[in-house]
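# A closer look at the structure
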Amino acid sequence: MKIGDKVSVVDEDLSGVVTSVKGNIVVFKDEYGFTHQYPKEKLVPKDADLYENIRVVRKEEPRKIISKKHQKNHLVLDLHFHNLVKNPNDYDSFERLFIQKEKLIEVIEFCRKNNLKRLEIVHGIGDGTLQRMVRDVLESQVNIDFYNKEILHHQSGAVMVEFH
């Protein structure tokens, strides 16, 4: 740096023209006529020609990799009995509810084991027996939040479960 050079202070909004250099200390005058003293390492040359011929290279943004277990799509469990067995007419109502409960617990354990974040349980709208059973099972679980998918709870045929 020499007398007459334009300089700017690092980490401050202050610049001016160098008036004297004494060893490591540079004295400069700002645009208002005030003089300031700073060590050389706190100053940078303010020369527009330095940056004029530098070509700007735009790099492509790296794509964020999303693992399969954190995809926005969630697992859906449909507890309608005809989806769970081949011959639904071969079972009485108690056996049906027992099989549905076992399937629900099995899928919840699967979600925990595979670190899935969300599960949608479709129980349908009927007399409310299956709906109560699903609610009872979910209330017995720890580290989950669940809520009805629809705004009107009595018309909801599905429950959304979020695992912590």
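What counts, and at which threshold
Residues numbered from 1 in each chain as written. Predicted model: local features only at pLDDT ≥ 70, side-chain atom pairs only at ≥ 80, totals over all residues. Heavy atoms only, no water. Helix = DSSP H or I, 4+ residues; strand = E, 2+ residues; numbered from the N terminus. Salt bridge = Lys/Arg side-chain N within 4 Å of Asp/Glu carboxyl O. Buried < 20%, exposed > 50% of the residue type's maximum accessible area, 1.4 Å probe, protein only. Pairing = 2+ DSSP bridges. Axes fitted to C-alpha atoms, helices over the stretch in contact; angles between N-to-C directions. Contact = heavy atoms within 4.5 Å. Expected span 1.5 Å × (residues − 1). Arc of directions from axis to C-beta. Patch = residues over 30% accessible without salt bridge, like charges linked within 9 Å, V, L, I, M, F, W, Y side chains within 5 Å. Areas by Shrake-Rupley, 256 points an atom, 1.4 Å probe, with all protein chains shown as cover. Lys, Arg positive; Asp, Glu negative; His and termini not counted. Charge placed at Lys NZ, Arg CZ, Asp CG, Glu CD. Core = buried A, V, L, I, M, F, W, Y, C linked by side-chain atoms within 4.5 Å.

The residue K29 is located in strand 3 (residues 25-30) in this model. Each C-alpha atom of the pair K29 and V7 lies 9.7 Å from the other, and the pair is 22 residues apart in sequence.

Oppositely charged side chains are able to pair whenever their charged atoms sit close together. A full pass over the atoms with the stated rule returns three salt bridges. Between D5 and K2 there is a salt bridge, and its shortest N-O distance comes to 3.6 Å. Taking relative accessible area as the criterion, D5 reaches 24% and is therefore assigned partly exposed. For K103, the salt bridge is made with E106, and the minimal N-O distance between the two is 3.9 Å. Taken together, the positions of K103 and E106, both in helix 2 (residues 93-113) and three residues apart, correspond to about one turn of that helix. For K103, a relative accessible area of 28% puts it in the partly exposed group. Judged by its relative accessible area of 47%, E106 falls in the partly exposed class.

Below, the discussion takes up the sheet that holds strand 8 (residues 144-148). Strand order in the open sheet made by the four strands is 6-7-9-8, with mixed pairing throughout. The open sheet is flanked by strand 6 (75-78) and strand 8, the only strands paired with a single partner. Each neighbouring strand pair of the sheet contributes to a mean axis angle of 20°, computed without reference to strand direction. Here strand 8 pairs with strand 9 (residues 158-163) via five bridges, running antiparallel. Across the sheet, the residue bridging to I144 is F163, located in strand 9. Together, strand 6, strand 7 (118-122), strand 8 and strand 9 form the strand contacts of helix 2, whose direction differs from that of strand 6 by roughly 170°. Helix-sheet contacts for helix 3 (residues 129-139) involve strand 7, strand 8 and strand 9, and the interaxial angle to strand 8 is about 155°.

Taking 1.5 Å per residue as the helical rise, helix 2 with its 21 residues ought to reach 30 Å, and the 30 Å between its terminal C-alpha atoms agrees with that figure. For helix 2, the set of buried residues is Q100, L104, V107, I108 and C111. When helix 2 is viewed along its axis, its buried side chains cluster within an angular range of 100° and face the same direction. Exposed side of helix 2, more than 90 degrees from the buried face: F94, E109 and K113 are the residues found there.

Among the surface-exposed residues, D11, E12, D13 and E31 lie close enough to one another that they form a single negatively charged patch. Relative to the elements of secondary structure, D11 occurs in the loop between strand 1 (6-9) and strand 2 (15-22).

So, on to the nonpolar core. Core analysis: the largest hydrophobic core is formed by 17 residues, its most contacted members being L104, L119, I121, V134, L138 and V161. Of all the elements in the fold, those that place two or more residues in this core are helix 2, strand 7, helix 3 and strand 9. With five residues, the single largest contributor to this core is helix 3. Not counting chain neighbours up to four residues away, the residues in contact with I121 comprise L77, L79, L104, V134, L138, G157, A158, V159 and V161. Counting residues in hydrophobic clusters, the runner-up holds eight residues, among them V7, L14, V26 and Y38.

With phi around 65°, D11 is a residue other than glycine that occupies positive phi space. Phi is positive for N143, close to 60°, though the residue is something other than glycine. Topologically, N143 is positioned in the loop between helix 3 and strand 8.

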